[in-house]
Every structure is written in structure tokens, then in C-alpha cells.
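# What the coordinates show
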Amino acid sequence: MKVKLMKIKVLGNGSYGVVHLGKIVTPVYNQIYAVKSINEYYSSFLRKEKEILLKFFGCPNIIQCYSGFTSFEQGQGEVYNMFLEYAPEGSLLDLMNKYGGKIPENDVKCYTQMIFEGLLDVHERVLIHFDLKPGNILAFTPQHGTRLSTLKIADFRLAKQQGVKDTTSRFRGTKYYTSPKSIIRES
Ligand SMILES: Nc1ncnc2c1ncn2[C@@H]1O[C@H](COP(=O)(O)OP(=O)(O)OP(=O)(O)O)[C@@H](O)[C@H]1O
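Naming follows an unreviewed UniProt entry, where the protein chain appears as Protein kinase domain-containing protein of Gossypium darwinii.

## Regarding the site of the ligand
Taken together, 20 residues form the shell around the ligand, and within it Gly12, Gly14, Ser15, Val19 and Ala34 come nearest. When contributions to the shell around the ligand are tallied by element, the ones reaching two or more residues are strand E1 (4-13) and strand E3 (30-39). No other element matches E1, which puts three residues into the shell around the ligand. Split by domain, the residues of the shell around the ligand number at least three in each of domain 1 (4-84) and domain 2 (92-180).

## Notes on the nonpolar core
Counting 28 residues, the largest nonpolar core has Ile63 and Leu84 as the members making the most contacts within it. Counting residues per element, the ones that place at least two in this core are E3, helix H1 (44-54), strand E5 (77-84), helix H3 (105-124), strand E7 (137-140) and strand E8 (150-153). Both of domain 1 (4-84) and domain 2 (92-180) provide at least three residues apiece to this core. Setting aside chain neighbours within four positions, we find leucine 84 in contact with Tyr33, Ala34, Lys36, Ile63, Gln64 and Cys65.

## Regarding the domain arrangement of the protein chain
Here the domain parsing of the protein chain yields domain 1 (4-84) and domain 2 (92-180). Summarising the inter-unit geometry, the C-alpha centres of domain 1 and domain 2 are found 20 Å apart. Facing 10 residues of domain 1, the contacting portion of domain 2 comprises 14 residues. Partitioned by chemical class, the residues of the side of domain 1 that touches domain 2 number seven nonpolar, one polar and two charged.

## Some thoughts on the UniProt feature "binding site: ATP" (unreviewed entry) in the protein chain
The sites that carry the UniProt feature "binding site: ATP" (unreviewed entry) are, in the present numbering, Lys36. Tracing the backbone shows lysine 36 in strand E3. Not counting residues up to four positions away in its chain, the partners in contact with lysine 36 are Gly17, Val19, Leu46, Met82 and Leu84.

## Topic: unusual backbone geometry
Not every positive phi belongs to a glycine, and valine 126 is a case in point at roughly 55°. Residue valine 126 is classed as partly exposed on the basis of its 14 C-beta neighbours within 10 Å. Despite not being glycine, aspartate 155 has its phi angle at roughly 55°, a positive value. Since 22 C-beta atoms lie within 10 Å of it, aspartate 155 is described here as buried.

Rules of the game
Throughout this document, residue positions are counted from 1 along each chain, in the order its sequence is written. The predicted nature of this model means local features are confined to residues of pLDDT at least 70 and side-chain atom pairs, given and counted, to a pLDDT of 80 or more, with totals for whole chains, interfaces and linings taken over all residues. Residue proximity rests on one test: whether the C-beta atom, placed from the backbone, lies within 6 Å of the molecule or strand. For helices the rule is a DSSP run of H or I covering at least 4 residues; for strands it is a run of E covering at least 2, with both sets numbered from the N terminus onward. What fixes the domain bounds is an automatic or database domain assignment. Nonpolar cores are identified as sets of buried Ala, Val, Leu, Ile, Met, Phe, Trp, Tyr and Cys residues joined via C-beta atoms within 7 Å. Burial is judged by counting other C-beta atoms within 10 Å of a residue's own C-beta: 20 or more means buried, 12 or fewer means exposed, and anything between counts as partly exposed, with every C-beta placed from the backbone. Here, residue contact means that the backbone-derived C-beta atoms of the two residues sit within 7 Å. In this classification, Asp, Glu, Lys and Arg are treated as charged, Ala, Val, Leu, Ile, Met, Phe, Trp, Tyr, Cys and Pro as nonpolar, and every other residue, Gly included, as polar. UniProt positions are given in the numbering used here, feature names are shortened, and annotations may be inferred rather than shown by experiment.

If you want it as C-alpha cells, here you go:
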């Protein structure tokens, strides 16, 4: 079966790689994704993020990642692509801006609960996200007759396993743990 990836438009740029609205076209179906891409040579970060995200299959408040593969692109050579579900409503930051920074209190309670549910799934997998902010929480079309967007935690580029020594950052050699109140750093 012939499968073609079409990159339709740029959704945004991260500190590594670019995110496109992409479409997988086959003779029997077309499917829309957000496709995060980087030159194959620098793809180790993205591959690590994909491995982490695959642990969250079926978690309703974590962005879903489907797979990753390398394609050859004119003028760019080999490019590694990670396929994510597309968030059509942008991020929580966009939502906050839409309300002039003042999301109604009752809505805030529901949104907070969604974020906590996502964080529970993160901590159940003994991970720490390390970059939780409104821009990294994506918004999806309301489901099942509700009025509110569904929020999902995204961008696990900096995520780390708890209790494993950090070999990559300025906190090299540090072990991290979470407690109900805080993240604890232990040198
Ligand atoms: N699944 C998605 N659906 C829709 N838009 C997305 C999706 N993932 C990312 N984007 C858009 O692409 C932009 C870049 O995302 P990316 O996760 O690469 O980096 P970032 O969070 O902006 O920055 P950094 O990687 O430096 O933390 C985001 O700001 C967002 O606008």
C-alpha cells in the first residue's frame, strides 16, 4: 500500500525542530497529525521524547504519540518525524489570552482537574515533566456534549525518570524525586 506524508503548514517552532500540520495519505484513508520533525542527525532528543510519550498510550490528559519514522525530504535529506495527535484549539496559553487572562472560576476548577489527572499519570510512570507551563498544555475540541476543551500535557523534551542520575543538564549527577508537595533534588 502506498503511504504518503504531506506537510500542510507550520504550526510552530520549538527549540529543536519544527511542528507541521501533516496528513498521512493512503488509498483507503487520510489522517491528520501534528508532525514534529528534525534532521535525522539530531534526532536523538525527539526519539527519546517519543519513547516517553509511548508510555502514555490511552491516558486522556496526555498528548498521544502514534509513531515516528524517517523520511527523505527534498533539500533537507533525512528527516525524523514524530506523529502526535493534532490539538486544533492551540494551548492553554491561547485559551487564557482569549479570556483576557481571566478564565471563569468554575472552568478553572475543571481545567485544573484535567491537568492534575495528567500529572497523576506522569508520576505513576515515575517521571517528572520539568517544563509544565500553559504553552505546553494543549487544548482539544470539547467531547461528549461538554462545553470545555479537553486539556492534555505535551512537550516531554525535558522529562526525566525519578531517581535516575541526570547526565545531560547543568544539574549533572543530580537525582530527582517527587513528593506530594514538591520536586526534591538530591545531589
Ligand atoms: N500536537 C500539537 N498540535 C498542535 N500544535 C502543536 C502540537 N505540538 C506542538 N504544537 C505547536 O508547535 C509549537 C512548537 O512545539 P514544540 O513542542 O516543538 O516546542 P515548544 O514547546 O514551543 O518549545 P520547546 O521545545 O523549546 O519547549 C508549539 O508552540 C505549538 O504551537
